[in-house]
Amino acid sequence: MRLDKYLKVSRLIKRRTVANEACDNGRISVNGRVVKASYEVKIGDRIEITMGTRTVAVEVLQIAEAVRKDDAGAMYKEV
């Protein structure tokens, strides 16, 4: 699954366009590397999101095309 779509489905970022812009501006890194929105997310990847002064680091636990809002938190764990 593409990184921008994963961020939207997991509800780490509300909209896919915002996730895409964050990737383009270098605010998203996976396993220590700044990546583009087209990066293919794999289970075990560590994603770091920097928005302003806040940084969120998560580890990918599962990948799913569609998830209910209540189950979105199960797709990752905060590190």
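It should be emphasised that the depicted structure is a prediction, and the values quoted were computed from it without experimental measurement.

Cut-offs and rules
Residues numbered from 1 in each chain as written. Predicted model: local features only at pLDDT ≥ 70, side-chain atom pairs only at ≥ 80, totals over all residues. Heavy atoms only, no water. Salt bridge = Lys/Arg side-chain N within 4 Å of Asp/Glu carboxyl O. Helix = DSSP H or I, 4+ residues; strand = E, 2+ residues; numbered from the N terminus. Buried < 20%, exposed > 50% of the residue type's maximum accessible area, 1.4 Å probe, protein only. Pairing = 2+ DSSP bridges. Core = buried A, V, L, I, M, F, W, Y, C linked by side-chain atoms within 4.5 Å. Contact = heavy atoms within 4.5 Å.

Engineer: Run through the pattern of salt bridges, naming residues and quoting values.
Structural biologist: Scanning the model with the defined rule gives six salt bridges in all. With a closest N to O distance of 3.3 Å, Arg-16 and Asp-4 form a salt bridge. Remark: Asp-4 occurs in helix H1 (residues 3-9) and Arg-16 occurs in helix H2 (residues 16-24); sequence separation between them is twelve residues. A relative accessible area of 33% places Arg-16 in the partly exposed class. With its nearest N and O atoms 2.7 Å apart, the salt bridge here joins Lys-5 to Glu-65. Taken together, the residues span a long stretch of sequence, with Lys-5 in helix H1 and Glu-65 in the loop between strand S4 (54-60) and strand S5 (76-78) at a distance of 60 residues. Take Lys-5: its relative accessible area is 25%, and that puts it in the partly exposed class. On the basis of relative accessibility, which here comes to 53%, the residue Glu-65 falls in the exposed class.

Engineer: Provide a residue-level description of the pairing of strand S3 (residues 46-51), including the pertinent values.
Structural biologist: Relative to S3, strand S1 (residues 28-30) is paired through three bridges, and the arrangement is antiparallel. Residue pairing in the sheet places Val-30 in a bridge with Ile-47 of S3. The turn joining S3 and S4, which pair antiparallel and follow one another in sequence, is formed by two residues; a positive phi near 70 degrees is taken by Gly-52.

Engineer: So what's going on with the nonpolar core? Residues and values would help.
Structural biologist: By size, the foremost hydrophobic cluster in this structure holds 25 residues, and its most contacted members are Leu-3, Tyr-6, Leu-7, Ile-28 and Ile-47. For this core, the secondary-structure elements that each account for two or more residues are H1, H2, S1, S3 and S4. Contacts of Ile-28, omitting those with residues within four sequence positions, involve Leu-3, Leu-7, Ile-13, Ala-22, Cys-23, Arg-33, Val-34, Val-35, Ile-47, Glu-48 and Ile-49.

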